Amino acid sequence: MPVVPLKDIVDRAFTERYGVAAINVVNDLTLEAVLAGAVEQRSPLIVQTSVKTVRSIGLDLLYAMWRELTAGIEVPVSLHLDHCPDRSVITSCLRKGWNSVLFDGSSLPVAENQRQTVEVVAEAKSYGASVEGEIEAITGVEDDIGSDDEASRQSLPVALDFIRSTGIDVFAPAIGNAHGLYRSEPKLDAERVSDIVAAQPIPIALHGGTGMTDAQFSDLIARGCAKVNISTALKVSYMKSNLTFLRDAETRGSWDPPSLFTAVRAAVVDMAVTHMRRFGSVGKAW
Ligand SMILES: [Zn+2]
């Protein structure tokens, strides 16, 4: 099964209660590495791009890389645009072929966010694409989007009304999770996931996954978190494996770029596979 709608991936995971890693890539090397990890483990995978990555690489080149690297792929994969408050970028990505978008209207009043999310859902549907929605900002700045202040959470009825009236495919609630690195084990309101899913069965997106414990992942996935976002872990593994290699290269006085790429690729594949194992998606390709 090659590139599929994101809804196909998360609906299956939600029904069978496993999580699918949604990994933010930053360039061709990380894109190729996470796809290789999915193929190796027979796991479905969601590849995410931040607006910053879309802008830094360029929409056309980024999509060409995706097309080329997923041609003939035999596991289900989907391309998703992470937190995007900019409607013009959403439209450009949908037109180009992204399978899913997160319209981030969390800084808007809920009614206005809801009104615009309805429009985004209609627009995405015309391309056979999916939409993730959110009504509270996830704490922490990620790729220039967001705030370090914790947003207040909306009531359960407000969240349910948003889900039902917009027709989104995935919902991302704030549950005490945060982008970036946690200073200590995060205190999570897992019950909020259960309350939402009990009233409205919808796959939940878990943001700020880097730094959560295995027990927290298992618990949240069992409650309905079918899409588990991993961004910081990729950045850390990418940067640290570069640093380790380059320090060693300096010691040896040996400067061979392809060896650097091989070492970094191995670290990123390993990071991706570790998360697929933790989330229970290994062998779930169909
Ligand atoms: Zn996020």
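Located above this text is the structure these notes cover.
Predicted model only: the values in this text are computed from it and were never measured.

Visitor: Hey, could you run me through the overall build of the protein chain in this one?
Guide: What the protein chain contains, in helices and strands, is eleven helices and eight strands. In terms of overall dimensions, the protein chain is globule-like: its C-alpha atoms have a radius of gyration of 18 Å, near the 19 Å expected for 286 residues. If you line up the protein chain on its principal axes, its C-alpha atoms span 60 × 40 × 35 Å. Looking at the 286 residues of the protein chain, the share that counts as buried comes to 45%. The contacts of the protein chain with a sequence gap of at least 6 include a subset with a gap of at least 24, amounting to 72%.

Visitor: What's the story with unusual backbone geometry in this structure? I'm lost.
Guide: Excluding glycine, most residues fall at negative phi; most peptide bonds, likewise, are trans. Phi is positive for arginine 17, close to 55°, though the residue is something other than glycine. Relative to the helices and strands, arginine 17 resides in the loop between α1 (6–16) and β1 (20–24). At arginine 42, a residue that is not glycine, the phi angle is positive and equals roughly 50°. A count of 15 C-beta atoms within 10 Å places arginine 42 in the partly exposed class.

Visitor: Even after reading the chapter, I still don't get the nonpolar core, so can you show me in this structure?
Guide: Across soluble globular proteins, nonpolar side chains have a tendency to be buried as a group. Ranked by internal contacts, the top residues of the largest apolar core, which has 77 residues, are Val20, Ala21, Val34, Leu45, Val101, Val268 and Ala272. Here this core gets nine residues from one element, more than from any other, and that element is helix α11 (residues 257–279).

Visitor: Hey, could you run me through the packing of helix α10 (residues 232–252) against α11 in this one?
Guide: Two packed helices can be described by the angle between their axes and the distance between those axes. Their axes nearest at 9 Å, the elements α10 and α11 cross at an angle of 150°. Relative to α11, the element α10 lies roughly antiparallel. When the axes of α10 and α11 are compared, the crossing they make is right-handed. Only Leu260, Ala263, Val264, Ala267, Val268 and Met271 of α11 make contact with α10, whose side of the interface consists of Ala233, Leu234, Ser237, Tyr238, Ser241, Asn242 and Phe245. The class makeup of the residues in the contact of α10 with α11 is ten nonpolar, three polar and no charged.

Visitor: I tried to follow the packing of helix α6 (residues 110–125) against helix α7 (residues 156–166) on my own but got confused; where do I start?
Guide: At a closest axis distance of 9 Å, the pairing of α6 and α7 adopts a crossing angle of 25°. Comparing their axes, α7 and α6 come out roughly parallel. Relative to α7, α6 is oriented so that their crossing is right-handed. For the pair formed by α6 and α7, the contact residues are Val110, Gln114, Thr117, Val118 and Val121 on the first element and Val158, Phe162, Ser165 and Thr166 on the second. Tallied by class, residues from the contact of α6 with α7 come to five nonpolar, four polar and no charged.

Visitor: Sorry if this is basic, but what is going on with the pairing of strand β3 (residues 77–84) here?
Guide: Where burial is concerned, most of β3 is hidden: eight out of the eight residues are buried. Pairing of strand β2 (residues 45–49) with β3, which is carried by five bridges, proceeds in the parallel orientation. Looking at β3, one finds that valine 47 is bridged to leucine 79. As paired strands, β3 and strand β4 (residues 100–103) are joined by three bridges and run parallel to one another. Residue histidine 80 lies in a different strand from β4, and its bridge partner there is serine 100. Taken together, β3, helix α5 (residues 87–96) and β4 form a β-α-β motif whose crossover is right-handed.

Visitor: What am I meant to see in the pairing of β2 here?
Guide: Each regular strand carries side chains that alternate between the two faces of the sheet. Most of β2 is tucked away: five of the five residues are buried. The alternating pattern of β2 places Leu45, Val47 and Thr49 on one face and Ile46 and Gln48 on the opposite face, and all of these are buried. Here β1 runs beside β2; their pairing, made up of three bridges, is parallel. Note on β2: the bridge partner recorded for alanine 22 is isoleucine 46. You can see the chain leave β1, run along helix α2 (residues 28–41) and come back into β2, and the turn it takes is right-handed.

So, how was this worked out
- Residues numbered from 1 in each chain as written.
- Predicted model: local features only at pLDDT ≥ 70, side-chain atom pairs only at ≥ 80, totals over all residues.
- Helix = DSSP H or I, 4+ residues; strand = E, 2+ residues; numbered from the N terminus.
- Rg over C-alpha atoms; globule rule 2.2 N^0.38 Å.
- Buried ≥ 20, exposed ≤ 12 C-beta atoms within 10 Å, placed from the backbone.
- Contact = placed C-beta atoms within 7 Å.
- Core = buried A, V, L, I, M, F, W, Y, C linked by C-beta atoms within 7 Å.
- Axes fitted to C-alpha atoms, helices over the stretch in contact; angles between N-to-C directions.
- Parallel < 35°, antiparallel > 145°, perpendicular 65-115°, else oblique.
- Left-handed = near helix turned anticlockwise from the far one by under 90°.
- Nonpolar A, V, L, I, M, F, W, Y, C, P; charged D, E, K, R; others polar.
- Pairing = 2+ DSSP bridges.
- Right-handed = clockwise from strand over helix to strand, strands pointing away.

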